[in-house]
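The primary structure of each chain is shown beneath.
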Amino acid sequence: MPPPVGGALWTLAGDVRALLMLPAALAMQVAHPAVGAGVDEHSVFRTDPWGRGERSLRSLQLWIYGGERAAEEGRRLRALHKTIGGTDAHGRRYHALDPAYYAWVHATGYPVYRHGLGYLVRPLTEAQERLLYAEWLQVGRILGIHDRDMPQTIEDFWPYYRRILDEELEATVVVRELIATDIPVPAPDRGPLPVRLALRAFWPLLRRPFLRARAFLTVGLMPPEARAAIGLEWTPEQERRLRRLGRVVRAVVPVLPERLRYLPLARKARAEARAEARAAARRNR
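Rules used throughout
- Residues numbered from 1 in each chain as written.
- Predicted model: local features only at pLDDT ≥ 70, side-chain atom pairs only at ≥ 80, totals over all residues.
- Heavy atoms only, no water.
- Helix = DSSP H or I, 4+ residues; strand = E, 2+ residues; numbered from the N terminus.
- Rg over C-alpha atoms; globule rule 2.2 N^0.38 Å.
- Buried < 20%, exposed > 50% of the residue type's maximum accessible area, 1.4 Å probe, protein only.
- Contact = heavy atoms within 4.5 Å.
- Areas by Shrake-Rupley, 256 points an atom, 1.4 Å probe, with all protein chains shown as cover.
- Lys, Arg positive; Asp, Glu negative; His and termini not counted.
- Charge placed at Lys NZ, Arg CZ, Asp CG, Glu CD.
- Salt bridge = Lys/Arg side-chain N within 4 Å of Asp/Glu carboxyl O.
- Phe/Tyr/Trp six-rings, centres within 6.5 Å; stacked < 30°, edge-to-face > 60°.
- Expected span 1.5 Å × (residues − 1).
- Patch = residues over 30% accessible without salt bridge, like charges linked within 9 Å, V, L, I, M, F, W, Y side chains within 5 Å.
- Core = buried A, V, L, I, M, F, W, Y, C linked by side-chain atoms within 4.5 Å.

Enquirer: What's the story with the overall build of the protein chain in this structure? I'm lost.
Expert: Along the backbone of the protein chain there are 15 helices and 2 strands. For 285 residues, the compact-globule estimate of 2.2 N^0.38 gives 19 Å, and the C-alpha radius of gyration of the protein chain, at 19 Å, lies within 12% of that figure. Principal-axis analysis of the C-alpha atoms places the extent of the protein chain at approximately 65 × 50 × 40 Å. Counting only residues that meet the buried cut, the protein chain has 44% of its 285 residues in that class. In the protein chain, the share of contacts with a sequence separation of at least 24, taken over all contacts with a separation of at least 6, comes to 73%. Here the protein chain displays about 15100 Å² of accessible surface, and carbon together with sulfur accounts for 58% of that area. Looking at charge distribution, the protein chain has the averaged site of its 44 positive side-chain charges lying 8 Å from that of its 31 negative ones.

Right, dumping it as structure tokens:
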């Protein structure tokens, strides 16, 4: 079953602020040599970055807002990864569905959400952290990860997390590309036609600022201990800039209309939930 309507992830995952946190989670995932090798060798993130991003975002939204489609999406992802395997940069064999690697990809979401919320929304209370973790475990089950492969409590999570940071993570080829500011990236090819045409025309001017912003958010919204484990630099001046950005985001996003604040699948699910609640209230009168 997906996380509950009205729960922590129901509010968080569809908010546009979650988009700002996704690059940090992705960088932590591919900092694992096995995951990084799989993405390096099998992903289209270089040739079709916008399409891959759109598909990944839709998949994530289905885990939370898809209802019965959530489990179907989990099965689809496992089927998609069945043929992904090879040898990592250290000569070790890997397979995408190895429980340790698949679980790490899922696990990164929790510390990134926990850290990023402190800048972009508000710091979580201990009770909220536990609720968020419990719901993230539900997402793991949707993805087909067994409970034995996921720490079942926060108390168990942090030793597991620190062990991966200390023993596994490194600045892989894909991590270095995600924070590079001088690599070729095709112009965005999603969205309304006038927007695509405008972006294509101005992309030679916009590409570098986009890459700098992506690198800044990737490193800044990554938990400091993960940043240190991978060997990524972060200066006091960058921290001050991130905090200033966070203050602006916290002021602006809550007053946006729902059509601008929430992603499409989240908006639809929220509208359907409100309609169901109204119908239930009428039946109970």
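Enquirer: Honestly, the pattern of salt bridges in this entry has me stumped. Any pointers?
Expert: Oppositely charged side chains can form a pair if their charged atoms are brought close together. Under the criterion given, the structure shown has 19 salt bridges. For the salt bridge of glutamate 177 with arginine 46, the shortest nitrogen-to-oxygen distance reads 2.7 Å. Highlighted residues: glutamate 177 in helix α10 (residues 173-178) and arginine 46 in the loop between α3 (33-42) and α4 (49-65), separated in sequence by 131 residues. Of the residues examined, arginine 46 reaches a relative accessible area of 33% and is grouped as partly exposed. Between glutamate 73 and arginine 76 there is a salt bridge whose closest N-O contact spans 2.8 Å.

Enquirer: Explanation requested: the packing of aromatic side chains in the structure shown.
Expert: Two measures describe an aromatic ring pair: the distance that separates the ring centres and the angle between the ring planes. Under the definition given, this model contains 16 aromatic pairs. Taken together, a centroid distance of 5.3 Å and an interplanar angle of 75 degrees make the contact between tryptophan 158 and tyrosine 161 edge-to-face. With tryptophan 158 and tyrosine 161 both in helix α9 (residues 154-167), this residue pair falls 3 residues apart, about one helical turn. The class for tryptophan 158 is buried, based on a relative accessible area of 16%.

Enquirer: Where do I start with the environment of valine 30 in this structure?
Expert: Turning to its location among the elements, valine 30 is positioned in helix α2 (residues 17-30). Distance from valine 30 to isoleucine 145, taken between C-alpha atoms, is 19 Å for residues 115 residues apart in sequence. In contact with valine 30, not counting residues within four places along its chain, are Val35, Gly36, Val39, Thr172, Val174, Val175 and Leu178.

Enquirer: When you look at helix α7 (residues 109-120) in this model, what are you seeing that I'm missing?
Expert: Every α-helical turn comprises 3.6 residues, leaving residues that sit three or four positions apart pointing alike. For α7, with 12 residues, the first-to-last C-alpha span of 15 Å sits near the 16 Å given by 1.5 Å per residue. By the criterion of burial, α7 is predominantly enclosed, with 10 of the 12 residues buried.

Enquirer: Even after reading the chapter, I still don't get a nonpolar patch on the surface, so can you show me in this structure?
Expert: A cluster of nonpolar side chains, namely Phe202, Leu205 and Leu206, defines an oily patch on the protein surface of about 320 Å² accessible area. Its location among the elements puts phenylalanine 202 in helix α11 (residues 193-220).

Enquirer: Hey, could you run me through the nonpolar core in this one?
Expert: Side chains that are nonpolar tend, in soluble globular proteins, to be buried together. Judged by nonpolar contacts, the single largest core of 69 residues is most densely connected at Trp104 and Tyr113. In contact with tyrosine 113, not counting residues within four places along its chain, are Leu9, Leu12, Ala13, Ala18, Met21, Leu60, Leu132 and Trp136. Of all hydrophobic cores here, the second largest spans 6 residues; its members include Ala180, Val185, Ala187 and Trp203.

Spatial relationships are all this shows, so hold off on functional conclusions.
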